[in-house]
Amino acid sequence: MVAAAPRVVVIGTGEGGRIARAARLAGHYGVPRLSAVDVLIRRQPLPATGYVIDGAPQLLDRVARFGGPLPAPAFADLVVHLREAEQDGTGDAFRVIRYYEARGVLVGFRPDVPDAEIIVAVDAALRGRTAPPPRWP
């Protein structure tokens, strides 16, 4: 069974699509959608229950470079990556993606995958995750 209130981070370079997908996931789980800018830069406190955070991988990389925490796996159960066709596997964004992938919390989708398929896959990935992931150094 999927946790009633999962902690999910949605990353991707297409802002409009990323925000819309994050909002739909948040609605599906009945949790708030938060902006990574608000959480990481403006220091908005996280809800005690679940949430969906959306942000660009480049922002997450910049925050980490200045000593801030990445929003996963430190405080997320799963990272959803909306992959863009033009990503070549290099650069700041890819460094963040490799970080999440190496820790086993990343699932990736093309931007054109229907919401229903993403929700089924996210539910499946969350199923069985009962303990929080390890803290980021």
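Small disclaimer: the values here were computed from a predicted structure and weren't measured.

Colleague: Requested: an account of empty space enclosed by the protein, with residues and values cited.
Modeller: On inspection of all chains with the given rule, the structure shows 1 cavity of 30 Å³ or more. Space inside the largest cavity adds up to approximately 30 Å³. Put simply, the parts of the chain that give the lining of the largest cavity at least two residues each are helix H1 (15-29) and helix H5 (115-126). Its residues placed into classes, the lining of the largest cavity shows 3 nonpolar, no polar and 3 charged.

Colleague: Account for the packing of aromatic side chains, with residues named and values stated.
Modeller: Under the definition given, this model contains 1 aromatic pair. Ring geometry for Tyr99 and Tyr100: centres 5.4 Å apart, planes at 65°, overall edge-to-face. With respect to burial, Tyr99 and Tyr100 carry one shared label: buried.

Colleague: Pulling in residues and values, what's your account of the nonpolar core?
Modeller: Ile11, Leu40, Ile53, Leu60 and Tyr100 are the most contacted members of the largest nonpolar core, which has 19 residues in total. Broken down by secondary-structure element, the contributors of at least two residues to this core are strand E1 (7-12), helix H2 (36-41), strand E3 (51-55), helix H3 (57-65) and helix H4 (91-102). Ranked by residues supplied to this core, first place goes to H4 with 4 residues. In contact with Ile11, other than residues within four places in its own chain, are Arg18, Gly55, Pro57, Leu60, Val79, Val80, His81, Leu82, Ile97 and Tyr100. In terms of nonpolar packing, the next biggest core, distinct from the first, is built from 18 residues, Ala26, Val80, Val107 and Ile119 among them.

Rules used in this analysis
- Residues numbered from 1 in each chain as written.
- Predicted model: local features only at pLDDT ≥ 70, side-chain atom pairs only at ≥ 80, totals over all residues.
- Heavy atoms only, no water.
- 1 Å grid on protein atoms, 1.4 Å probe; cavity = no way out; pocket = protein on both sides within 12 Å on 5 of 7 lines; lining within 4 Å.
- Points joined across faces, edges and corners; volume = space filled by probe spheres on them.
- Helix = DSSP H or I, 4+ residues; strand = E, 2+ residues; numbered from the N terminus.
- Nonpolar A, V, L, I, M, F, W, Y, C, P; charged D, E, K, R; others polar.
- Phe/Tyr/Trp six-rings, centres within 6.5 Å; stacked < 30°, edge-to-face > 60°.
- Buried < 20%, exposed > 50% of the residue type's maximum accessible area, 1.4 Å probe, protein only.
- Core = buried A, V, L, I, M, F, W, Y, C linked by side-chain atoms within 4.5 Å.
- Contact = heavy atoms within 4.5 Å.

So, to be careful, I would describe these as geometric facts and stop short of saying anything about function.
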